[in-house]
Amino acid sequence: MRDAHTLYITAGSGNSFKPMLVLRQRGDAGPADKVRIRSVNVLAGETRGEAFLALNPRGQVPFLVTADGKGLGESNAIAWFLSEGTALMPADPFHRAQALQWMIFEQTALEPNISPARFFSHIVPQLAAEHTDDFPRWHRDGCAGLAVLNAHLRQRAFICDHGYSVADIAVYGYTHLAGEGGFDLADWPAIGQWMARVQAQPGYLGVDQLLSA
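Our subject in this report is the structure included herewith. Just so it is clear, the structure is predicted and the values come from calculations on it, not from any experiment.

Within the protein chain one finds eight helices and four strands. Taken from the N to the C terminus, the helices and strands of the protein chain come in the order β-α-β-α-β-β-α-α-α-α-α-α. For 213 residues, the compact-globule estimate of 2.2 N^0.38 gives 17 Å, and the C-alpha radius of gyration of the protein chain, at 17 Å, lies within 12% of that figure. Seen through its principal axes, the protein chain has C-alpha atoms that stretch 50 × 45 × 25 Å. The 213 residues of the protein chain split such that 50% are buried. Contacts spanning at least 24 positions in sequence make up 71% of the contacts within the protein chain whose residues lie at least 6 apart. Positive and negative side-chain charges in the protein chain, numbering 17 and 21 respectively, have mean positions lying 5 Å apart.

Next comes the structure, spelled out in structure tokens:
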């Protein structure tokens, strides 16, 4: 495919899920925005191989290489870029700032706690014993973030006043996987109701369906 972006992802990753769901739900943004998908096996060490590090020296996925050869990392930045010009991107400046506010919150209060708790208890449980001292902190801080999100969602259907947006996708990415990290989402009913609304959006697919090789 010529004149296409290339998105590198890995199976099972909440961060890889975000830009993939954006692509699924943004509609046809035109041939200039076509995206080819390349799957990278993180557990097999492919992100630490010479070929991938030449693309992204940080050795992380997701990673986007634009059609003109520019590299872009960080899941929420990639989701934002791929949402431009679509209904997922708020047009109003305040609503855009709202979206950024909650996408930053996701990366500072939710993902850093939910992701490692899930990774070491669900993806590589054989390594969980090495992080026994970390789990209480991940759960304490993750629960604090989920409580803030739950309080916010008691007042609204979606994250931003705009309605369903890239911010919902970003926050949903790891929140909906929190149960696999030992978090009981039944403790936050507003989050559960919001997740059901996200899952009811046109084009929604789950993480395993979107990230299957």
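Here helix α6 (residues 166-175) crosses helix α7 (residues 189-199) at 115°, and the two axes come no closer than 11 Å. Of the two possible hands of crossing, α6 and α7 adopt the one that is left-handed. Residues Asp168, Val171, Tyr172 and Thr175 of α6 pack against Ile191, Trp194, Met195, Val198 and Gln199 of α7. Of the residues contributing to the contact of α6 with α7, the split by class is six nonpolar, two polar and one charged.

Attention shifts here to helix α1 (residues 14-25). Under the 1.5 Å per step criterion, the end-to-end length of α1 is 16 Å for 12 residues, consistent within 8% with the ideal 16 Å. Within α1, 11 of the 12 residues are buried, which leaves it mostly tucked inside the rest of the structure. If you check which residues of α1 are buried, you get Gly14, Asn15, Ser16, Phe17, Lys18, Pro19, Met20, Leu21, Val22, Leu23 and Gln25. Buried residues along α1 sit against β1 (5-9), β2 (35-39), α3 (75-83), α4 (93-123), α6 and α8 (207-210). With a side-chain oxygen positioned 3.2 Å from the backbone nitrogen of Asn15, the residue opening α1 is Ser13.

Here the structure, examined in full by the defined rule, presents eight salt bridges. Taking the shortest distance from any N to any O, the salt bridge between Glu106 and Lys18 comes out at 3.0 Å. In this pair, Glu106 sits in helix α4 while Lys18 sits in helix α1, placing the two residues 88 residues apart along the sequence. Note that Asp141 is salt-bridged to Arg140, the shortest N-O span being 3.0 Å. Residue Asp141 is classed as partly exposed on the basis of its relative accessible area of 28%.

The next thing to look at is the sheet that holds strand β3 (residues 63-65). Think of a sheet as strands paired side by side through backbone hydrogen bonds, with each pair either parallel or antiparallel. The four strands lie next to each other as β2-β1-β3-β4, forming an open sheet whose pairing is mixed. In the strand order of this sheet, the two ends are held by β2 and β4 (71-73), each with one partner. Shown here is a sheet whose adjacent strand axes are inclined to one another by a mean of 20°, direction ignored. Relative to β2, β1 is paired through five bridges, and the arrangement is parallel. Within β2, the residue paired with Ile9 across the bridge is Ser39. Against the sheet, α1 contacts β1 and β2, and its axis sits at roughly 140° relative to β1. Each of β1, β2, β3 and β4 touches α3; the most contacted strand, β4, lies at about 120° to it.

Ranked by size, the top nonpolar core spans 57 residues in total, and within it Leu7, Phe17, Leu146, Leu149, Ile159, Ile191 and Trp194 carry the most contacts. Elements that contribute at least two residues to this core include exactly β1, α1, α3, α4, α5 (135-153), α6, α7 and α8. Take this core: its biggest share by element is nine residues, from α4. Setting aside chain neighbours within four positions, we find Leu146 in contact with Leu110, Ile114, Thr175, Phe183, Leu185, Trp188 and Ile191.

Moving on, we get to the layout of surface pockets. If you add up the space inside the largest pocket, you get close to 770 Å³. For the largest pocket, the lining is made up of 29 residues, of which Ser13, Asn15, Val42, Val61 and Tyr174 are closest to its centre. Here the lining of the largest pocket takes eight residues from α4, the largest share from any one element. Of the residues in the lining of the largest pocket, the class split is 11 nonpolar, 13 polar and five charged.

Cut-off values and rules
- Along each chain, the written sequence defines residue order, and numbers are assigned to residues from 1.
- Only residues with pLDDT of at least 70 are given local features in this predicted model, and only at 80 or more are side-chain atom pairs given and counted; all residues enter the totals for whole chains, interfaces and linings.
- Side-chain numbers come from the whole structure's heavy atoms, not from hydrogens or water.
- By the criteria applied, helices consist of DSSP H or I runs no shorter than four residues and strands consist of E runs no shorter than two, each listed in order from the N terminus.
- For this measure, only C-alpha atoms enter the radius of gyration; the expected value for a globule follows 2.2 Å times N^0.38, where N is the number of residues.
- For every residue, the accessible area obtained with a 1.4 Å probe (protein chains only) is divided by the maximum for its type, and the residue is called buried under 20%, exposed over 50%, and partly exposed between those limits.
- The contact criterion used is simple: two residues touch if any of their non-hydrogen atoms lie within 4.5 Å.
- Positive charge is attributed to Lys and Arg, negative charge to Asp and Glu, and no charge count is given to His or to the chain ends.
- Lysine's charge is taken at NZ, arginine's at CZ, aspartate's at CG and glutamate's at CD.
- Axis geometry follows a simple rule: fit a line to the C-alpha atoms, using only the stretch in contact for helices, then measure angles between N-to-C directions, giving values from 0 to 180 degrees.
- In this scheme, a crossing is called left-handed if the near helix is turned counterclockwise away from the far one by less than a right angle; it is called right-handed if the turn is clockwise.
- Each residue is assigned to one of three groups, with Ala, Val, Leu, Ile, Met, Phe, Trp, Tyr, Cys and Pro labelled nonpolar, Asp, Glu, Lys and Arg labelled charged, and all others, Gly among them, labelled polar.
- Expected span of a helix: the number of residues minus one, times 1.5 Å.
- Any pair of nitrogen or oxygen atoms within 3.5 Å is treated as a polar contact; in protein, a donor-acceptor pairing is required on top of that, and neighbouring residues in sequence qualify only through side-chain atoms on both sides.
- Just to be clear on terms, a salt bridge is a Lys or Arg side-chain nitrogen sitting within 4 Å of an Asp or Glu carboxyl oxygen.
- Think of it this way: DSSP has to see at least two bridges between two strands before they count as a pair.
- Side-chain atoms within 4.5 Å link the members of a nonpolar core, which is a set of buried Ala, Val, Leu, Ile, Met, Phe, Trp, Tyr and Cys residues.
- Think of a 1 Å grid over just the protein atoms. A cavity is a set of points where a 1.4 Å probe fits yet cannot get out, a pocket is an open set with protein on both sides within 12 Å along at least five of seven lines, and lining residues have an atom within 4 Å of a point.
- Grid points are joined across faces, edges and corners, and a volume is the space filled by probe spheres set on the points.

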